[in-house]
Amino acid sequence: MPEPTATAGAGSRDSDGIVTEEVTIELDRRTTTVPYSAGDTLLQTARMAGLAAPSSCETGSCATCMARLTRGSARMLNNDALDDDEVNDGWVLTCQALPTSRTVRVVYE
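Residues numbered from 1 in each chain as written. Predicted model: local features only at pLDDT ≥ 70, side-chain atom pairs only at ≥ 80, totals over all residues. Heavy atoms only, no water.

Section: the overall build of the chain
Secondary structure assignment for the chain yields two helices and eight strands. Helices and strands in the chain line up, N terminus first, as β-β-β-α-β-β-α-β-β-β. Across the 109 residues in the chain, those meeting the buried criterion constitute 42%. When the accessible surface of the chain is summed, it comes to about 5800 Å², and 43% of that surface belongs to carbon and sulfur atoms. (Helix = DSSP H or I, 4+ residues; strand = E, 2+ residues; numbered from the N terminus. Buried < 20%, exposed > 50% of the residue type's maximum accessible area, 1.4 Å probe, protein only. Areas by Shrake-Rupley, 256 points an atom, 1.4 Å probe, with all protein chains shown as cover.)

See below:
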């Protein structure tokens, strides 16, 4: 299985044009899998699932909403909080992250 990847940039499709179908979110020891609505960030997806995901500024500046991608890929529209090493390790700002793979799993740690 390919490593999860987080990148800066825009879009909700990967380079092969794959459309995201579902997102799995781990939060507070609970796992929820929901269909993905095109254009929603991972934070918006969590909220639509009724989850109380952590957030604060929602502009990509504070890192309150950071979570780790454990499956799939995502692109951040803005990232003023995570350094390159954190992004390379799979961390994303969920308020700015759009999924770019068919399925995505994100864990709030």
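Now that the structure has been shown, the text picks up again.
Structural notes on the pairing of strand E8 (residues 103-107)
Taking burial as the measure, the five residues of E8 include four buried ones, the bulk of the element. Pairing analysis gives five bridges linking strand E2 (residues 22-27) to E8, with the strands arranged parallel. For glutamate 22, the partnering residue across the bridge sits in E8 and is threonine 103. Relative to E8, strand E4 (residues 66-71) runs antiparallel, the two sharing three bridges. Within E8, the position partnered with leucine 69 by the bridge is valine 106. (Pairing = 2+ DSSP bridges.)

Here's the deal with the sheet that holds E2
Sheet architecture is open: five strands sit in the order E3-E2-E8-E4-E6, paired in mixed fashion. At either margin of the open sheet sits one strand with a lone partner, and together these are strand E3 (30-35) and strand E6 (91-93). The sheet shows a mean angle of 30 degrees between the axes of neighbouring strands, direction not considered. (Axes fitted to C-alpha atoms, helices over the stretch in contact; angles between N-to-C directions.)

Comments concerning the side chain of threonine 41
Among the secondary structure elements, threonine 41 is positioned in the loop between E3 and helix H1 (42-48). Its relative accessible area of 8% is what places threonine 41 among the buried residues. Those residues in contact with threonine 41, other than ones at most four positions away along the chain, are Thr94, Cys95, Gln96, Ala97 and Leu98. (Contact = heavy atoms within 4.5 Å.)

Structural notes on the nonpolar core
Counting 26 residues, the largest nonpolar core has Ile25, Leu42, Leu69, Met76 and Tyr108 as the members making the most contacts within it. For this core, the secondary-structure elements that each account for two or more residues are E2, H1, E4, strand E5 (73-76), E6, strand E7 (97-99) and E8. (Core = buried A, V, L, I, M, F, W, Y, C linked by side-chain atoms within 4.5 Å.)

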